[in-house]
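The chain contents come next:
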Amino acid sequence: MNDLLTLTERHDGDTVVLALRGEADLLTAPPVGDRVRELVEAGEEHLQVDLTELSFLDSTAVGVLLRARRESVDAGASFDLVCPEGPAHRVLDLLGLLPAFGLAV
């Protein structure tokens, strides 16, 4: 990634967890989508993206997450978003996208 966004990858059972920390925007978000695509192509069936530590989320990053979810589901993988109260949750709520990610409004 870069200094603005850190992506940490770990396994939790059969789930690959990608934890994002920092700012997800036009510059930093596309590699996240690329990594999700790589994992799906490698046969991973359960993906989780954790936005708990995000301090900023712009429309490009939202698009990357939507596309990553669609591509994962289309390939037969599950895609879960962890997004407790905070900046990312507020953005997704304002855009009316919480239900699209299976998150409570």
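Our subject is the structure that appears above.
Rules of the game
- Residues numbered from 1 in each chain as written.
- Predicted model: local features only at pLDDT ≥ 70, side-chain atom pairs only at ≥ 80, totals over all residues.
- Heavy atoms only, no water.
- Helix = DSSP H or I, 4+ residues; strand = E, 2+ residues; numbered from the N terminus.
- Rg over C-alpha atoms; globule rule 2.2 N^0.38 Å.
- Salt bridge = Lys/Arg side-chain N within 4 Å of Asp/Glu carboxyl O.
- Buried < 20%, exposed > 50% of the residue type's maximum accessible area, 1.4 Å probe, protein only.
- Contact = heavy atoms within 4.5 Å.
- Expected span 1.5 Å × (residues − 1).
- Arc of directions from axis to C-beta.
- Polar contact = N/O pair within 3.5 Å; in protein donor to acceptor, adjacent residues only side chain to side chain.

A. Broad picture of the overall build of the protein. In terms of regular secondary structure, the protein is built from three helices and four strands. Each helix (α) and strand (β) of the protein, taken in turn from the N terminus, gives the series β-β-α-β-α-β-α. In terms of overall size, the protein behaves like a compact globule, its C-alpha atoms giving a radius of gyration of 12 Å where 105 residues would be expected to give roughly 13 Å. In terms of overall dimensions, the protein has C-alpha extents of about 30 × 30 × 20 Å along its principal axes.

B. Inspection of the pattern of salt bridges at higher detail. Evaluated as defined, the whole model comprises five salt bridges. Residues E53 and R21 are paired through a salt bridge, measuring 3.8 Å at the closest nitrogen-oxygen approach. You can see E53 sitting in strand 3 (residues 46–57) and its partner R21 sitting in strand 2 (residues 15–24), a full 32 residues away along the chain. Given the relative accessible area of 44%, E53 is considered partly exposed. E38 is the partner of R35 in a salt bridge, and the nearest nitrogen-oxygen pair spans 2.9 Å. Remark: E38 and R35 occur in helix 1 (residues 30–41); sequence separation between them is three residues, near one turn of the helix. Take R35: its relative accessible area is 26%, and that puts it in the partly exposed class. Look at the salt bridges and you will find they share partners, linking E9, R35 and E38 into a network.

C. A look at the side chain of H89. Note on placement: H89 falls in helix 3 (residues 87–94). On the accessibility criterion, H89 (8% relative accessible area) is buried. The residues contacting H89, other than those within four sequence positions of it, are C83, P84, L98 and A104.

D. Focus on helix 2 (residues 59–74). The end-to-end C-alpha distance of helix 2 is 22 Å, a good match for the 22 Å that 16 residues give at a rise of 1.5 Å each. Turning to helix 2, its buried residues are A61, V62, V64, L65, A68 and S72. For helix 2, the arc enclosing every buried residue in end-on projection is 160°, short of the 170-degree limit, so these residues lie on one face. For helix 2, exposure combined with an orientation more than 90 degrees from the buried face picks out S59 and D74. Considering only its buried residues, helix 2 is in contact with strand 2, helix 1, strand 3, strand 4 (78–82) and helix 3. The N-cap residue of helix 2 is D58: its side-chain oxygen and the backbone nitrogen of T60 are 3.0 Å apart.

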